[in-house]
Amino acid sequence: MSAGLTIQLIAILISVACSLLGVFLVLRSMSMLTDAISHTVLLGIVLSFFITHKLDSPLLIVGATITGLLTVYLVELITDTNLVKEDAAIGIVLSILFSIAVVLISKYTANIHLDIDAVLLGEIAFAPFHTQEIFGFKIANGIVNGVSILVLNLLVITIFFKEIKISIFDRALALTLGLLPEVFHYLLMSLVSVTAVVSFDVVGATLMISFMIGPATTAYMISKSLKMMLIYSVLIGAISSILGYHLAVFLDVSISGSIAVVIGIIFFVVLFGKKIKNKTAFLSS
């Protein structure tokens, strides 16, 4: 498989994995919390690295997941005081936990390949060069990680689709039915944390956030049901990955940046298209 096809396949896998979760985050008005988690899980990665001294240890994902859940818990704890609004609480928790991670990296990992810029920005162009051998075939790590996280997200969403749907749209009904909405809330946040850390090494936090929020927000404007929103979100993420790659090759610029730009362009096209359509319908009525 050529480097170009490998990059596009990895981008599609991660975009689909992220956009599936993004749908539920957008519906729960938790987009900003995703930004916080994508940064604060770095603290979990750093602390886990201090324990294992290995950048490829599965414990890094465990540490990142725990930190992601800690982020959600702290934000909710501060918000529940009714003294601070949610957006401010997110900003406070993000800045504190992320700053601790930055200090630890700059102080103790100067000679280790654990770089803040690499984690945040990432560059999918290098993904084809990082491979592992499976059944005698060299396969890019990004493909293996992308398939793994996509399968995990699909399984959880498929198995608990009804429970998650009810918990999002009618919390009172969920409690009445004994579905424990808090459990599914933290299950969703766990998936976000795992997806974030798996995506770091390939695309970075910035593109991960674009994948998770952009397609879902765009799909929300044109969907009439949750299932259609999931389908549209996945399609938008995949199409953006392909168009963004070819735009980057044509302009000779960052692939990750180009994909994020395409996601933004599609969003604004749909936004203004929807606005014009609503205005036309109003004038004709």
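Residues numbered from 1 in each chain as written. Predicted model: local features only at pLDDT ≥ 70, side-chain atom pairs only at ≥ 80, totals over all residues. Heavy atoms only, no water.

Our focus in this paragraph is a nonpolar patch on the surface. A contiguous nonpolar surface patch, about 420 Å² in accessible area, is contributed by V147, V151, L155, I159 and F160. Considering the arrangement of structural elements, one finds L155 in helix α6 (residues 141-159). A relative accessible area of 48% places L155 in the partly exposed class. (Patch = residues over 30% accessible without salt bridge, like charges linked within 9 Å, V, L, I, M, F, W, Y side chains within 5 Å. Areas by Shrake-Rupley, 256 points an atom, 1.4 Å probe, with all protein chains shown as cover. Salt bridge = Lys/Arg side-chain N within 4 Å of Asp/Glu carboxyl O. Helix = DSSP H or I, 4+ residues; strand = E, 2+ residues; numbered from the N terminus. Buried < 20%, exposed > 50% of the residue type's maximum accessible area, 1.4 Å probe, protein only.)

On to the nonpolar core. Counting residues in hydrophobic clusters, the biggest one holds 80 residues, and the most contacted among them are I10, F24, L33, I124, M189 and M212. Residue contributions to this core peak at 21 residues, all from helix α9 (residues 181-222). Beyond its immediate stretch of four places on either side in the chain, M189 contacts L25, M30, L33, I37, L69 and V72. (Core = buried A, V, L, I, M, F, W, Y, C linked by side-chain atoms within 4.5 Å. Contact = heavy atoms within 4.5 Å.)

This part takes up the packing of aromatic side chains. Remark: the centre distance and the inter-plane angle together describe each pair of aromatic rings, the angle taken between the planes. Enumeration over the complete set of coordinates arrives at four aromatic pairs. Between F267 and F268, the aromatic rings sit 5.2 Å apart at their centres with planes inclined by 75°, giving edge-to-face as the arrangement. Relative accessible area serves as the criterion here: at 23%, F267 is assigned to the partly exposed category. The partly exposed category is assigned to F268, whose relative accessible area is 44%. In this structure an aromatic cluster arises from ring pairing among F267, F268 and F272. (Phe/Tyr/Trp six-rings, centres within 6.5 Å; stacked < 30°, edge-to-face > 60°.)

What follows concerns the confidence of the model for the protein chain. Looking at the protein chain as a whole, its pLDDT mean stands at 86, while 93% of the residues score no less than 70. Per-element confidence in the protein chain is highest for helix α10 (residues 226-251), whose mean pLDDT is 95, and lowest for helix α5 (residues 116-120), whose mean pLDDT is 56. (pLDDT = per-residue confidence, 0-100.)

This paragraph deals with the pairing of strand β2 (residues 137-140). Pairing geometry for strand β1 (residues 131-134) and β2, over four bridges, is antiparallel. Paired with I134 across the two strands is F137, which belongs to β2. In sequence, β1 turns back onto β2 through a hairpin of two residues, with F135 there showing a positive phi of about 55°. (Pairing = 2+ DSSP bridges.)

Our next topic: the packing of helix α1 (residues 3-27) against α6. Relative orientation of the contacting elements α1 and α6 amounts to 25°, with a least axis distance of 9 Å. Viewed along their axes, α1 and α6 adopt a mutual orientation that is roughly parallel. Of the two possible hands of crossing, α1 and α6 adopt the one that is left-handed. Between α1, through T6, L9, I10, L13, I14, V16, A17, L20, L21 and F24, and α6, the contact on the second element is made entirely by G142, I143, G146, V147, I149, L150, N153, L154 and I157. Looking at the contact of α1 with α6 residue by residue, the classes come out as 15 nonpolar, four polar and no charged. (Axes fitted to C-alpha atoms, helices over the stretch in contact; angles between N-to-C directions. Parallel < 35°, antiparallel > 145°, perpendicular 65-115°, else oblique. Left-handed = near helix turned anticlockwise from the far one by under 90°. Nonpolar A, V, L, I, M, F, W, Y, C, P; charged D, E, K, R; others polar.)

By the element assignment, S193 lies in helix α9. Of the residues examined, S193 reaches a relative accessible area of 0% and is grouped as buried. Setting aside chain neighbours within four positions, we find S193 in contact with I37, V41, A64, T65, G68 and L69.

This part takes up the side chain of T40. Note on placement: T40 falls in helix α2 (residues 31-52). Residue T40 is classed as buried on the basis of its relative accessible area, which comes to 0%. Within the structure, T40 has its side chain in polar contact with the side chain of T71 (distance 2.6 Å). Sequence-distant contacts of T40, defined by excluding residues within four places in its chain, comprise T67, T71, V93, L94, L97 and F98. (Polar contact = N/O pair within 3.5 Å; in protein donor to acceptor, adjacent residues only side chain to side chain.)

Here we take up the environment of I168. Along the polypeptide, I168 turns up in helix α7 (residues 161-169). Each C-alpha atom of the pair I168 and I259 lies 29 Å from the other, and the pair is 91 residues apart in sequence. Apart from the residues within four sequence positions on either side, I168 is in contact with F24, L27 and R28.

A word on α6. With 19 residues, α6 should reach 27 Å at 1.5 Å per residue; the first-to-last C-alpha distance of 27 Å fits that figure. Structurally, α6 contributes buried residues whose contacts are with α1, β2, α7 and α9. (Expected span 1.5 Å × (residues − 1).)

Bringing α10 into the picture now. Between its first and last C-alpha atoms α10 spans 37 Å; for 26 residues at 1.5 Å apiece the expected length is 38 Å, and the two agree. Once α10 ends, the next one or two residues include D252, with phi positive near 60°.

What follows deals with the packing of α6 against α9. In contact at an axis separation of 10 Å, α6 and α9 are set at 170° when each is read in the N-to-C sense. Relative to α9, the element α6 lies roughly antiparallel. Residue-level contacts link G142, N145, I149, L152, N153 and V156 of α6 to L187, L191, V194, T195, V198 and V202 of α9. For the contact of α6 with α9, the per-class residue count stands at eight nonpolar, four polar and no charged.

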